[in-house]
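One-letter residues, chain by chain:
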Amino acid sequence: MQVESSMRIHASESSEHIHLGLSSDMFQTLGRHSPPPSLPLCPQPQLSLKPTLFPPQTTVHISSLGRSRKARSIANSLPGADTTTGPGHDDRWSLRGMTALVTGGTRGIGNAVVTELVGFGARVHTCSRDGDELERRLEEWVDGGYEVTGSVRDVSVREEREKLMGTVSSVFDGKLNILMLRFTELSRFGDATENIEVCALDGGLQVNNVGTNIRKPAVDFTTEEFSLLMATNFESMFHMCQLAHPLLKASGLGSVVFTSSVSGFVSLKSMSVHGATKGAINQLTKSLACEWAVDNIRSNAVAPWYIKTSMVEQVLSNKDYLEEVYSCTPLRRLGDPKDVSSLVAFLCLPASSYITGQIICVDGGMSVNGFYPRHE
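Figured I'd write up the structure that's included with this text. No experiment lies behind these values; they were computed from the predicted model shown.

Procedures and definitions
- Residues numbered from 1 in each chain as written.
- Predicted model: local features only at pLDDT ≥ 70, side-chain atom pairs only at ≥ 80, totals over all residues.
- Heavy atoms only, no water.
- Helix = DSSP H or I, 4+ residues; strand = E, 2+ residues; numbered from the N terminus.
- Buried < 20%, exposed > 50% of the residue type's maximum accessible area, 1.4 Å probe, protein only.
- Contact = heavy atoms within 4.5 Å.
- Areas by Shrake-Rupley, 256 points an atom, 1.4 Å probe, with all protein chains shown as cover.
- Phe/Tyr/Trp six-rings, centres within 6.5 Å; stacked < 30°, edge-to-face > 60°.
- Core = buried A, V, L, I, M, F, W, Y, C linked by side-chain atoms within 4.5 Å.
- Patch = residues over 30% accessible without salt bridge, like charges linked within 9 Å, V, L, I, M, F, W, Y side chains within 5 Å.
- Salt bridge = Lys/Arg side-chain N within 4 Å of Asp/Glu carboxyl O.
- Lys, Arg positive; Asp, Glu negative; His and termini not counted.
- Charge placed at Lys NZ, Arg CZ, Asp CG, Glu CD.
- Axes fitted to C-alpha atoms, helices over the stretch in contact; angles between N-to-C directions.
- Parallel < 35°, antiparallel > 145°, perpendicular 65-115°, else oblique.
- Left-handed = near helix turned anticlockwise from the far one by under 90°.
- Pairing = 2+ DSSP bridges.
- Right-handed = clockwise from strand over helix to strand, strands pointing away.
- Polar contact = N/O pair within 3.5 Å; in protein donor to acceptor, adjacent residues only side chain to side chain.

1. As for the overall build of the protein chain
Phase 1 of the analysis: Counting its regular elements, the protein chain contains 10 helices and 14 strands.
Phase 2 of the analysis: Scored against the burial criterion, the 376 residues of the protein chain give a buried share of 45%.
Phase 3 of the analysis: Long-range pairs, those at least 24 residues apart, make up 73% of the contacts in the protein chain between residues at least 6 apart in sequence.
Phase 4 of the analysis: Surface summary for the protein chain: the accessible area is close to 19,600 Å², and the carbon and sulfur share equals 54%.

Structure below.
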């Protein structure tokens, strides 16, 4: 295919090899490390030290490079070129043929992640503790033409996690591409309780939504409370990864996305143990990225700040508290579930195939904000 372009490349019309115009003066300062004179890119030494990577006096239209493989590669990389037919281009931005497990996909961030992944063509299985809510969501997805299945499971319970993975293996014929782990966390303030949504993503694709948060000073934690937080927030995710590994490996292309939290990076009031569990998730993300790379499984995490869902409405209904949240968030707003789900989807796409072991904050700049007064 001939490609017309106003761009020109310094090249030889009689050869498919592109000459970058590297002048000998660029080798002149290398001394004894200079390439032998027999190399084609090294003409006789010149006195000028001016680099000539793209000298204007010797140019060739891209169309003159003919139909060679290298020429097509260059042409397809140019802005405005027709790349829709290029080999593998569409595949980089598609999840067609891939399978995903997203835990807690019926509301908030989990719901947004399921919708995002199926929008890219993935087949998704999700779970929830609420059977009625799960049934309603499945009907919505099916009516929208999406391929989503679900099961009623409580992934905070070990036996339930094992049953869930057995179901996933059966539905997806023993192969899983994406493991996304999202956590719905219970936060306790004295005698009052409220739900706070925190994200934890693990790739394969798999999303797990399970978690607990108990807010109190560090010295007031009981042994039982500490054990509960560690078991629910960290052990459950670790176990899900163990169960999912054979399926991720069998797929040949796995991605785990954990949902961590900004509390794994910065100190938050009365959240010492919660932050420790998220720090553990962050390190697990890095460890699995290295350990499972041999199986072509990537591992990344997203770390949200406050995300606007029904689960945070109560705590953020306090206007003074909300203003404090805004004051330490440079973008001066709460996050939206789609802010998280879009990142999750990207980390699962082939386009991000060289990204692993990373924990990315979705926080409006909160985790990098120092002392930045709004009033002089």
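2. Observations regarding the packing of aromatic side chains
Phase 1 of the analysis: Under the criterion given, the structure shown has four aromatic pairs.
Phase 2 of the analysis: Through pairs of rings, three or more aromatic residues link up here, namely W305, Y306 and Y321.

3. Quick word on the nonpolar core
Phase 1 of the analysis: Judged by nonpolar contacts, the single largest core of 28 residues is most densely connected at L95, L117, V124, V302 and V344.
Phase 2 of the analysis: Listing elements by their share of this core, those giving two or more residues are β3 (99-103), α4 (108-119), α5 (131-143), β6 (178-181) and α10 (337-348).
Phase 3 of the analysis: Here the element with the most residues in this core is α10; it accounts for six residues.
Phase 4 of the analysis: Listed in part, the 26 residues of the second largest apolar core include L181, M237, A244 and W292.

4. Looking at a negative patch on the surface
Phase 1 of the analysis: A cluster of acidic residues, D130, D132, E135, E139 and D143, forms a negative patch on the protein surface.
Phase 2 of the analysis: Of note, D143 is situated in helix α5.

5. A short note on the packing of helix α6 (residues 158-171) against helix α7 (residues 223-251)
Phase 1 of the analysis: One can describe the packing of α6 onto α7 by two numbers: an axis separation of 10 Å at closest approach and a directional angle of 25°. When the axis of α6 is compared with that of α7, the two are roughly parallel. Pair α6 / α7 crosses with right-handed handedness. Within the contact between the two elements, α6 uses R158, R161, E162, L164, M165, V168 and S169 and α7 uses E235, S236, H239, M240, L243, A244 and L247.

6. Focus: unusual backbone geometry
Phase 1 of the analysis: The phi angle at N296 is positive, at roughly 60°, despite the residue not being glycine.
Phase 2 of the analysis: Inspection of the secondary structure puts N296 in the loop between α8 (272-291) and β13 (297-304).
Phase 3 of the analysis: Note on N296: relative accessible area 40%, which makes it partly exposed.
Phase 4 of the analysis: A positive phi angle, near 55°, is found at R332, a position not held by glycine.
Phase 5 of the analysis: With respect to the helices, strands and loops of the structure, R332 is situated in the loop between α9 (319-327) and α10.
Phase 6 of the analysis: R332 sits in the partly exposed class, given a relative accessible area of 28%.

7. Description of the pairing of β3
Phase 1 of the analysis: Counting buried positions over the five residues of β3 gives five, a clear majority of the element.
Phase 2 of the analysis: Alternating residues of β3 divide into T99, L101 and T103 and A100 and V102, and every residue in both groups is buried.
Phase 3 of the analysis: Taken together, the five bridges between β3 and strand β4 (residues 123-128) define a ladder with parallel strand orientation. Bridge pairing links T103 to C127 in β4.
Phase 4 of the analysis: Of the crossover connections in this fold, the one passing from β3 over α4 to the parallel β4 is right-handed.

8. Side note on the packing of α7 against α8
Phase 1 of the analysis: Where α7 meets α8, the axes come as close as 9 Å, and the angle between the chain directions of the two elements is 20°. Classed by the angle they form, the pair α7 and α8 counts as roughly parallel. Crossing geometry of α7 relative to α8 is assigned as right-handed. Here F226, L229, M230, N233, F234, M237, F238 and C241 of α7 lie close against α8, whose contacting residues are V273, H274, T277, A280, I281, L284 and L288.

9. Comments concerning the side chain of E160
Phase 1 of the analysis: Mapping E160 onto the fold places it in helix α6.
Phase 2 of the analysis: Polar side-chain contacts of E160 include one of 3.3 Å to the backbone nitrogen of D154.

10. Regarding the pattern of salt bridges
Phase 1 of the analysis: All told, the structure shown has nine salt bridges when counted by the stated rule.
Phase 2 of the analysis: Between R107 and E133 there is a salt bridge, with the nearest N and O atoms lying 3.0 Å from each other. A residue pair is termed long-range when its members are at least 10 positions apart, and R107 in the loop between β3 and α4 and E133 in helix α5 qualify at 26 residues.
Phase 3 of the analysis: Its relative accessible area of 29% is what places R107 among the partly exposed residues.
Phase 4 of the analysis: Notably, a salt bridge pairs R333 with D339, separated by 3.1 Å at the nearest N-O pair.
Phase 5 of the analysis: Note on R333: relative accessible area 41%, which makes it partly exposed.

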